[in-house]
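Given next are the chains, with one letter for each unit.
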Amino acid sequence: MARDFEKDESPSITTERPTGRYPSNEDIDHLTYLKKESSLFEDEADGNMKEWRLVCAHCGHFVTEVAEKIEVRGRHNHDFPYCGHIVRLGCYRNAPGCVGIERISNGYSWFRGYSWDIQLCRNCHIQLGWKYMSQDDSFYGLVFKMLREEKPEEDNGVNS
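Computed from a predicted model, the values in this text were never measured in an experiment.

Criteria and cut-off values
Residues numbered from 1 in each chain as written. Predicted model: local features only at pLDDT ≥ 70, side-chain atom pairs only at ≥ 80, totals over all residues. Heavy atoms only, no water. Helix = DSSP H or I, 4+ residues; strand = E, 2+ residues; numbered from the N terminus. Buried < 20%, exposed > 50% of the residue type's maximum accessible area, 1.4 Å probe, protein only. Contact = heavy atoms within 4.5 Å. Areas by Shrake-Rupley, 256 points an atom, 1.4 Å probe, with all protein chains shown as cover. Phe/Tyr/Trp six-rings, centres within 6.5 Å; stacked < 30°, edge-to-face > 60°. Pairing = 2+ DSSP bridges. Axes fitted to C-alpha atoms, helices over the stretch in contact; angles between N-to-C directions. pLDDT = per-residue confidence, 0-100. Polar contact = N/O pair within 3.5 Å; in protein donor to acceptor, adjacent residues only side chain to side chain.

A few points about the overall build of the protein chain
Next up, step 1: Of regular secondary structure, the protein chain possesses one helix and nine strands.
Next up, step 2: Split into buried and exposed, the 160 residues of the protein chain put 39% on the buried side.
Next up, step 3: Once local pairs closer than 6 in sequence are excluded, the contacts in the protein chain between residues at least 24 apart make up 55%.
Next up, step 4: Of the roughly 10,000 Å² of accessible surface on the protein chain, a fraction of 45% belongs to carbon and sulfur atoms.

Brief notes about the environment of Arg103
Next up, step 1: For Arg103, the position within the fold is in the loop between β5 (98-100) and β6 (115-121).
Next up, step 2: When its relative accessible area of 63% is taken as the criterion, Arg103 is described as exposed.
Next up, step 3: For the pair formed by Arg103 and Asp117, sequence separation is 14 residues and the distance between their alpha carbons is 5.9 Å.
Next up, step 4: Setting aside anything within four residues of it in sequence, one finds Arg103 in contact with Trp116 and Asp117.

What to know about the packing of aromatic side chains
Next up, step 1: This structure, assessed with the given rule, holds eight aromatic pairs.
Next up, step 2: With centroids separated by 4.8 Å and ring planes inclined at 5 degrees, the aromatic side chains of Phe80 and Trp110 adopt a geometry described as stacked. Residue Phe80 is located in strand β3 (residues 77-82), and its partner Trp110 is located in the loop between β5 and β6; the two are separated by 30 residues in the primary sequence.
Next up, step 3: The exposure class assigned to Phe80 is buried, which follows from its relative accessible area of 11%.
Next up, step 4: Grouped by ring-pair contacts, the aromatic residues Phe80, Tyr82, Trp110, Phe111, Tyr114, Trp130, Tyr132 and Phe139 constitute a single cluster.

A closer look at the sheet that holds strand β9 (residues 147-150)
Two modes of strand pairing occur in sheets, parallel and antiparallel, and in both the strands are linked by backbone hydrogen bonds.
Next up, step 1: Read across the open sheet, the three strands follow the order β2-β1-β9; overall the sheet is antiparallel. Of all the strands in the sheet, the pair left with one neighbour each is β2 (62-65) and β9. Within the sheet, the average angular offset between the axes of one strand and its neighbour, ignoring direction, is 35 degrees.
Next up, step 2: Bridge count between strand β1 (residues 53-56) and β2: three bridges; the pairing is antiparallel.

Quick word on the confidence of the model for the protein chain
Next up, step 1: Taken over all residues, the pLDDT of the protein chain has a mean of 80, while the share at 70 or more is 67%.
Next up, step 2: Between residues 1-6, whose pLDDT stays under 50, and residues either more than four places distant or in other chains, the model counts 16 contacts.
Next up, step 3: Low pLDDT, under 50, characterises residues 155-160; the predicted model gives this stretch zero contacts beyond four residues in sequence or across chains.

As for the side chain of Thr64
Next up, step 1: One can find Thr64 in strand β2.
Next up, step 2: Judged by relative accessible area, which is 1%, Thr64 ranks as buried.
Next up, step 3: From its side chain, Thr64 meets the backbone oxygen of Asn94 in a polar contact 2.6 Å long.
Next up, step 4: For Thr64, the contacting residues outside a window of four places in its chain are Arg53, Leu54, Tyr92, Asn94, Ala95, Pro96 and Leu142.

A few points about the sheet that holds strand β7 (residues 127-133)
Next up, step 1: Spatial ordering of the open sheet is given by β3-β4-β8-β7-β6-β5, a layout of six strands whose pairing is antiparallel. What marks the edges here is a single partner per strand, and that holds for β3 and β5. Strand after strand, the sheet turns through a mean of 35 degrees between neighbouring axes, direction not considered.
Next up, step 2: The pairing of β6 with β7 spans six bridges and is antiparallel. The residue of β7 that forms the bridge with Ile118 is Trp130.

As structure tokens, this is what we get:
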């Protein structure tokens, strides 16, 4: 199971920030696909990485795939201030492992021109991020520290 939280500990979507300093990358270092530089020509490793699944860090339920990663406003990852802390999220085209609370808000969006709806893990109902919606587009902003990578099992020639 992908659980990294202590028993009875409620995980937080925010990243602690030392006073007057920007936080380290400690809470996103576990996602190795973020460290891989995109290349002009895809190689086998790039293709394999797109097959990686992203699961809920709390319960291990499937959320989305690395292949669903997109750029919004020129970047995949974004940092936003939230209650004196930082929220670090990535943008994804689809996230079938999420369920919205269906309380769409038009106010205080981190992405101007988009409404948002809080997204929970479909299995354990912990907050994973937000779905952003405009007239023409929608995407998911998922908090990196609430996700874990899961690599596909090796084939070992079984399907050959």
